[in-house]
Amino acid sequence: MKKRLSTLERGYYWKYNLHKTKVLLFPNMGNFAIIMSMNKKRLVSGIKPSGRPHIGNYFGAMRQFVNLQEIHDSFIFIADYHALTTLQNRSEMSENIIEMAIDYLATGLDPEKVTLYQQSTISYHTELAWIFNCLTTMPYLMRAHAFKDSEAKNKEINVGVFDYPILMAADILLYDAVVVPVGQDQKQHIEIARDTAEKFNNTFGETFVLPEPLILENVKTVTGTDGQKMSKSYGNHIPLFATDDEIKKLVMSIVTDSGSSVPENVKALHLLFKNKKEVEKIYSDKEGKYKELKEALIEDMIAFIAPLRENRLKFEKDKGEVVNILKKGSEKANEIAQRKMKEVKEKIGVLLS
Ligand code: TYM
């Protein structure tokens, strides 16, 4: 009879991690477990190059991209065509695209592990969006929060803003993404991507995978200096690569509720940079002393951001290499997207044999 070996004898064991990926752990090999990921799940996400990324983008999304790169087959892109819905300035657009690529690399994305690319270089995204447009009704898209907000504010809405969720569905479904790490504000967009996949599958047969959003509870909506959701467009954001002076000025400008002994919004930000126990201690030691609490936050924020800024400097020096990384990423993404589009075209009947 075959003897069942214990973990100790075998030296390893299998486990499913939080992301439902099967991993191999070697408990006896030093302090850390060597993780080998089998059947890596496909992960897709992107950020608009519509300005400097802020700490909301980082904690809500970018940090997950880095943390998950070892155990997922990650496709991370610069959503320049989404940015075009609001940013219509040639030099700013080109500059932001390259800066965004540098930002990704500075946070620790490894181009050897992650496919990093520019959305607009793969025309299949917009091509697939057109096909999805033909399956989507106007009233359905009119229920999207972003569209309703713009309408409520009487903004002039271009067709790109209206169709934004459908381009996003194409970004995700083109690569058979299973996991999409985002902040809470994007939840509805992932639901639209799932609905779109189902609609296509029901009409033309099983083609697309239904993606799952990955939204972390404690960072799903990082607040800005005014207590509202931090956003590039609200003028309430703290840039991820802010200088020390910017950090000091912005933290000091955080609006607090003078009625309570604890400025909850300052504390929530502090919890992003320090563990709960230490933050609780600071808040009991300095209860009611808003200025000192903000100063403590400034100190911890600077300690966190300064090394990221340092890292950024390295990549800034070699923009040529950054462009090469994007080109290589585009080539790989293009191959996968091309294969999927062939399948889609066959399914809808436009590919003649
Ligand atoms: P963008 O650039 O507006 O936001 C990028 C990511 O940052 C998250 N985020 C936040 N998370 C927590 N707190 C905040 N205050 C905060 N502000 C922003 C967003 O949820 C997002 O995850 N539409 C996307 C870009 C995109 C995309 C995609 C994402 C285009 N195609 C396909 C995933 C998959 C966006 O919001 O970009």
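Residues numbered from 1 in each chain as written. Predicted model: local features only at pLDDT ≥ 70, side-chain atom pairs only at ≥ 80, totals over all residues. Heavy atoms only, no water.

Draft legend 1. Fine view of the overall build of the protein. Helices and strands together make up the secondary structure of the protein, namely 14 helices and eight strands. Scored against the burial criterion, the 353 residues of the protein give a buried share of 45%. Looking at the protein alone, contacts between residues at least 24 apart form 73% of all its contacts between residues at least 6 apart. As displayed, the protein offers around 18900 Å² of accessible surface, 53% of which is attributable to carbon and sulfur atoms. (Helix = DSSP H or I, 4+ residues; strand = E, 2+ residues; numbered from the N terminus. Buried < 20%, exposed > 50% of the residue type's maximum accessible area, 1.4 Å probe, protein only. Contact = heavy atoms within 4.5 Å. Areas by Shrake-Rupley, 256 points an atom, 1.4 Å probe, with all protein chains shown as cover.)

Draft legend 2. Representation of helix 12 (residues 276-285) in the model. Among all positions of helix 12, only Val279, Ile282 and Tyr283 are buried. Down the axis of helix 12, the buried side of the element spans an arc of 95 degrees, and every buried residue falls inside it. Exposed side of helix 12, more than 90 degrees from the buried face: Lys277 and Lys281 are the residues found there. Against the buried residues of helix 12 lie helix 11 (264-273) and helix 13 (290-316). Where helix 12 begins, the capping side chain belongs to Asn275, and its oxygen is found 3.2 Å from the backbone nitrogen of Lys277. (Arc of directions from axis to C-beta. Polar contact = N/O pair within 3.5 Å; in protein donor to acceptor, adjacent residues only side chain to side chain.)

Draft legend 3. View of the pairing of strand 5 (residues 72-78). Burial analysis of strand 5 places six of its seven residues in the buried class, the great majority of the element. What joins strand 4 (residues 41-47) to strand 5 is helix 2 (residues 55-68), and the crossover it makes is right-handed. Both strand 5 and strand 6 (residues 114-118) contribute to a ladder of five bridges, which runs parallel. Bridge pairing links Ile78 to Gln118 in strand 6. (Right-handed = clockwise from strand over helix to strand, strands pointing away. Pairing = 2+ DSSP bridges.)

Draft legend 4. Local environment of the packing of aromatic side chains. Counted under the stated rule, the structure contains 15 aromatic pairs. Aromatic pair Phe132 and Phe200: ring centres 6.3 Å apart, planes at 80 degrees, arrangement edge-to-face. Residue Phe132 is located in helix 5 (residues 124-133), and its partner Phe200 is located in helix 9 (residues 187-204); the two are separated by 68 residues in the primary sequence. Judged by relative accessible area, which is 0%, Phe132 ranks as buried. (Phe/Tyr/Trp six-rings, centres within 6.5 Å; stacked < 30°, edge-to-face > 60°.)

Draft legend 5. Molecular detail of the nonpolar core. In terms of nonpolar packing, the biggest core is built from 58 residues, with Ile55, Tyr104 and Met301 touching the most fellow members. When neighbours within four sequence positions are excluded, Ile55 is seen to be in contact with Val222, Met230, Ile238, Pro239, Leu240, Leu269, Phe273, Met301 and Ile305. Within the second largest apolar cluster, 40 residues are counted, among which are Leu174, Ile190, Ala193 and Phe200. (Core = buried A, V, L, I, M, F, W, Y, C linked by side-chain atoms within 4.5 Å.)

Draft legend 6. Quick look at the packing of helix 5 against helix 14 (residues 319-348). With their axes 10 Å apart at the nearest point, helix 5 and helix 14 run at an angle of 25 degrees to one another. If you check the angle between helix 5 and helix 14, you find them roughly parallel. Judged by the twist between their axes, the crossing of helix 5 over helix 14 is left-handed. In contact with Tyr124, Glu127, Leu128 and Ile131 of helix 5, helix 14 contributes Asn334, Ala337, Gln338, Met341, Val344, Lys345 and Ile348. When its residues are assigned to classes, the contact of helix 5 with helix 14 shows seven nonpolar, two polar and two charged. (Axes fitted to C-alpha atoms, helices over the stretch in contact; angles between N-to-C directions. Parallel < 35°, antiparallel > 145°, perpendicular 65-115°, else oblique. Left-handed = near helix turned anticlockwise from the far one by under 90°. Nonpolar A, V, L, I, M, F, W, Y, C, P; charged D, E, K, R; others polar.)

Draft legend 7. Layout of the site of the ligand. Neighbouring residues of the ligand: 28 residues in total, closest Tyr164, Asp171, Gly183, Asp185 and Val222. Lys48 places a polar main-chain atom, nitrogen or oxygen, 3.0 Å from an oxygen atom of the ligand. Residue Gln186 places a side-chain N or O atom 2.8 Å away from an oxygen atom belonging to the ligand. Coverage of the ligand by the protein chains reaches 97% of its 710 Å² of free accessible surface. (Near = heavy atom within 4 Å.)

Draft legend 8. Representation of the pattern of salt bridges in the model. What the rule picks out here adds up to 24 salt bridges. A single network of salt bridges, built from pairs that share partners, joins Glu99, Asp103, Arg312, Glu316 and Lys319. (Salt bridge = Lys/Arg side-chain N within 4 Å of Asp/Glu carboxyl O.)

Draft legend 9. Spatial organisation of the side chain of Thr115. For Thr115, the location among the structural elements is in strand 6. Among residues more than four places away in sequence, those in contact with Thr115 are Ser74, Phe75, Ile76, Gly329, Lys332 and Ala333.

Draft legend 10. Spotlight on unusual backbone geometry. Unusually for a residue other than glycine, Asn154 sits at a positive phi of about 60 degrees. By the secondary structure assignment, Asn154 is in the loop between helix 7 (145-152) and helix 8 (159-173). Phi is positive for Asp176, close to 55 degrees, though the residue is something other than glycine. As for its position among the elements, Asp176 is in the loop between helix 8 and strand 7 (179-181).

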